[in-house]
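Examining the three-dimensional arrangement
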Amino acid sequence: GKGGHRHFMAKEIAEQPSVISDVLGHYTKTGTRIDMPAELPDFAQIDRLILVACGTAFYACQTAKYWFEQLTGLPVDIDIASEFRYRSPPIGPRTAALFVSQSGETADTLAALRYCAGKADHILSICNVPQSSIARESTVALPTLAGVEIGVASTKAFTCQLTVLALLALHAARQRGHCDDATLAEHLTALRGLPGLLNLALGQEAEIETVSRELAEARDILFLGRGAMYPIALEGALKLKEISYIHAEGYASGELKHGPIALVDPAVPVIVFAPTDPLFDKTVSNMQEVMARQGKVLLVSDATGLDTAGPGSWATIQMPHVSPFLAPILYAIPAQLLAYHTAVAKGTDVDQPRNLAKSVTVE
Ligand code: M6R
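As the structure is a computational prediction, the values presented were derived from the model and not from experiment. (Residues numbered from 1 in each chain as written. Predicted model: local features only at pLDDT ≥ 70, side-chain atom pairs only at ≥ 80, totals over all residues. Heavy atoms only, no water.)

Re the overall build of the protein chain
Counted only if it meets this: Only DSSP runs of H or I covering at least 4 residues are called helices, and only runs of E covering at least 2 are called strands; the numbering of each starts at the N terminus. Based on C-alpha atoms, the radius of gyration is set beside the globule rule, defined as 2.2 Å times the residue count to the power 0.38. Only heavy atoms enter the contact rule, under which two residues are in contact if any of them lie within 4.5 Å. Here the Shrake-Rupley method, with its probe set to 1.4 Å, supplies the accessible areas, and only the displayed protein chains count as covering residues. Charge convention: Lys and Arg are scored as positive, Asp and Glu as negative, and His as well as the terminal groups of each chain are ignored. Taken as the charge centre is NZ of Lys, CZ of Arg, CG of Asp or CD of Glu, depending on the residue.
Scanning the protein chain for helices and strands turns up 14 helices and ten strands. A compact globule built from 363 residues would reach a C-alpha radius of gyration of about 21 Å, and the protein chain, at 20 Å, matches this within 12%. Seen through its principal axes, the protein chain has C-alpha atoms that stretch 55 × 45 × 40 Å. Taking all contacts inside the protein chain whose residues are at least 6 apart in sequence as the whole, residues at least 24 apart take part in 76%. Accessible surface for the protein chain amounts to roughly 14000 Å². Of this, 51% is attributable to carbon and sulfur atoms. For the protein chain, the distance from the average position of its 29 positive side-chain charges to the average position of its 38 negative side-chain charges is 3 Å.

Next comes the structure, spelled out in structure tokens:
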């Protein structure tokens, strides 16, 4: 059942602190270190990592690229499965290919996996369904442990994918010796605090619901983010399109002035995900470019960020302070809740949006 919630999506959003605790428990059983299956490659022996997926799972890969590059120094290629598989990409030696899928049955992702089998040294997967084709056909399958996800819009599976990817990046970083132990320990400690932070973010639901009633009137909505918040902007736009049918696009904040800023006018809300991090000031100047053109900015940031940049914006949503490393996981919550409450305000079918299926088994 829906556990007292109006929709499966609402239930699945609310479950995130608890399922992410399960993920952390599973992958850090021994307490102080990360436990990964022994069958995983030694990442010190890998020269290239390829991450392939579709939709929301692809945005998890796009986020993970930032983590792997920074923490492990490994070159990381990411692609959507339907492009990757038809491009005949060269796969050199010492390559690990990782496929991310909630269902484990997505036809394009499975075909991309089969393309890499026999070419890449290691075929890895991160799936929510342990018995799925993608999990079975990979040499190592890391479970996301999100539990059954029924809402067509992926929510808890996404944040669980991100958490597994973050843990895997830390594990690979230790093997490669690319990052000092103190930093790795700091990141692992931060991960342990994630369920508590997710609860705080969920506590902003009433404010998000209020602003969503106004977003429901919009015809177009833009999402902006920089660095690892860019894929979260893309995810926010995808989620909103899927369930509210409002046209939405995500852009890298810095790319706005290269074209999309032409779309900005008082009727287009611009949602900015901007935790205080080393890129904060840059994002704020992009936000000011929007405000100078009478754009309606909804700023999602922490108390410090809202103090500095909140004045002049149309609306704000306050997130707890979080380390830049974990910000993308935390800011997925307002992205999901904004889409959910906008769709509820519009009265669309949140759990079964038109034209969409939970598992896309056709190419
Ligand atoms: O089962 P998968 O994770 O392989 O599915 C991939 C996409 O079809 C999926 O994430 C889709 O984009 C969702 N409806 C997003 O909410």
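Some remarks on the pairing of strand E6 (residues 220–225)
This is how it is decided: Working definition: with a 1.4 Å probe on protein chains only, accessible area under 20% of the residue-type maximum means buried, over 50% means exposed, and in between means partly exposed. For two strands to be treated as a pair, DSSP must find no fewer than two bridges joining them.
Counting buried residues along E6, five of its six residues qualify, which places the element largely inside the surrounding structure. Two elements, E6 and strand E7 (residues 247–252), share six bridges in a ladder whose sense is parallel. Following the sheet pairing, Gly 225 is matched in E7 by Ala 252. Where E6 lies against strand E8 (residues 269–273), three bridges are found, and the strand directions are parallel. By the bridge assignment, Phe 223 is partnered in E8 with Ile 271.

Things to note about the sheet that holds E8
Our working rule: In this analysis, axes come from line fits to C-alpha atoms, helices being fitted only over the stretch in contact, and the angle between any two N-to-C directions falls in the range 0 to 180 degrees.
With parallel pairing, five strands are arranged side by side in an open sheet as E7-E6-E8-E9-E10. Each end of this open sheet is capped by a strand with a single partner; those strands are E7 and strand E10 (315–318). With strand direction ignored, the average angle separating the axes of adjacent strands in the sheet is 20°. Sitting on the sheet, helix H11 (residues 230–244) touches E6, E7 and E8, and the angle it makes with E7 is about 175°. Packing against the sheet, helix H14 (residues 327–346) makes contact with E8, strand E9 (296–301) and E10, and its axis sits at approximately 140° to E9.

A look at unusual backbone geometry
Backbone geometry at Tyr 245 places phi at a positive 65°, although glycine is not the residue there. Topologically, Tyr 245 is positioned in the loop between H11 and E7. For Tyr 245, a relative accessible area of 27% corresponds to the partly exposed category. Unusually for a residue other than glycine, Gln 294 sits at a positive phi of about 60°. By secondary structure assignment, the location of Gln 294 is in the loop between helix H12 (280–291) and E9. Gln 294 sits in the exposed class, given a relative accessible area of 52%.

Regarding the site of the ligand
The test is simple: The criterion for a residue being near a molecule or strand is simple. One of its heavy atoms has to lie within 4 Å of it. Polar contacts, as used here, are pairs of N or O atoms within 3.5 Å; protein pairs need one atom able to donate a hydrogen and one able to accept it. Residues neighboring in sequence count only if both atoms are side-chain atoms. Side-chain classes are defined by residue name, with Ala, Val, Leu, Ile, Met, Phe, Trp, Tyr, Cys and Pro counting as nonpolar, Asp, Glu, Lys and Arg as charged, and the others, Gly among them, as polar.
Taken together, 14 residues form the shell around the ligand, and within it Ser 101, Gln 102, Ser 103, Thr 106 and Glu 242 come nearest. Taking Thr 56, its main chain carries an N or O atom lying 3.1 Å from an oxygen atom of the ligand. Within the side chain of Ser 101, an N or O atom sits 2.6 Å from an oxygen atom of the ligand. Starting from 410 Å² of accessible surface for the ligand in isolation, the protein chains cover 90%. Elements represented by at least two residues in the shell around the ligand include exactly helix H3 (55–72) and H11. The residue inventory of the shell around the ligand, partitioned by class, reads five nonpolar, seven polar and two charged.

Remarks on the environment of Ala 44
Structurally, Ala 44 is set in the loop between helix H2 (16–27) and strand E1 (48–53). As for Ala 44 and Gln 175, which are separated by 131 residues in sequence, their C-alpha atoms are 5.7 Å apart. With residues near it in sequence (within four places) discarded, Ala 44 still touches Arg 94, Gln 175 and Arg 176.

Quick notes on H2
Our working rule: Expected helix span is computed as 1.5 Å times (number of residues minus one).
With twelve residues, H2 extends 16 Å between its outermost C-alpha atoms, agreeing within 8% with the 16 Å of an ideal straight helix rising 1.5 Å per residue. When H2 is considered as a whole, its buried residues turn out to be Gln 16, Pro 17, Val 19, Ile 20, Val 23, Leu 24 and Tyr 27. Packing partners of the buried residues in H2 comprise helix H1 (8–14), strand E5 (140–143), helix H7 (156–176), helix H8 (181–192), helix H9 (194–202) and H14.

A look at the packing of H3 against H11
How we decide: Here the word oblique covers every angle except those under 35 degrees (roughly parallel), over 145 (roughly antiparallel) and from 65 to 115 (roughly perpendicular).
It is at 8 Å that the axes of H3 and H11 come closest, and there the two elements cross at 170°. With respect to H11, the element H3 is oriented roughly antiparallel. Residues Gly 55, Thr 56, Tyr 59, Gln 62, Thr 63 and Tyr 66 of H3 touch H11, and the partners they reach there are Tyr 230, Pro 231, Ile 232, Leu 234, Glu 235, Leu 238 and Lys 239. For the contact of H3 with H11, the per-class residue count stands at seven nonpolar, four polar and two charged.

A word on the sheet that holds E5
As summarised here, the arrangement of the five strands in space is E2-E1-E3-E4-E5, forming an open sheet in which the pairing is parallel. Pairing within the sheet leaves two strands with one partner each, and these edge strands are strand E2 (76–80) and E5. Taking the axes of each pair of neighbouring strands and ignoring which way they run, one obtains an average angle of 20° across the sheet. Strands in contact with helix H5 (residues 107–116) are E1, strand E3 (95–101) and strand E4 (122–127); relative to E3, the strand with the most contacts, it is inclined by about 165°. The strands touched by H7 are E3, E4 and E5; relative to E3, the strand with the most contacts, the crossing angle is about 160°.

Thoughts on the packing of aromatic side chains
Defined as follows: Ring pairs are drawn from Phe, Tyr and Trp, using the six-membered ring of Trp, whenever the two centres fall within 6.5 Å, and their geometry is named by plane angle: stacked under 30 degrees, edge-to-face over 60, tilted for the rest. Here, a charge over a ring means that NZ of Lys or CZ of Arg falls within 6 Å of the ring centre while also lying within 35 degrees of the ring normal.
Going through the model one piece at a time under the given rule, you end up with five aromatic pairs. Pairing Phe 58 with Tyr 59 gives two aromatic rings, centres 6.0 Å apart and planes at 55°, and the pair type is tilted. A relative accessible area of 11% means that Phe 58 is categorised as buried. Members of the aromatic cluster, each reached through a chain of ring pairs, are Phe 223, Phe 273 and Tyr 331. Between Lys 296 and the ring centre of Trp 314, over which it is positioned, the NZ or CZ distance is 4.4 Å. The lysine or arginine in question, Arg 354, covers the ring of Tyr 245, its NZ or CZ lying 3.7 Å from the ring centre.

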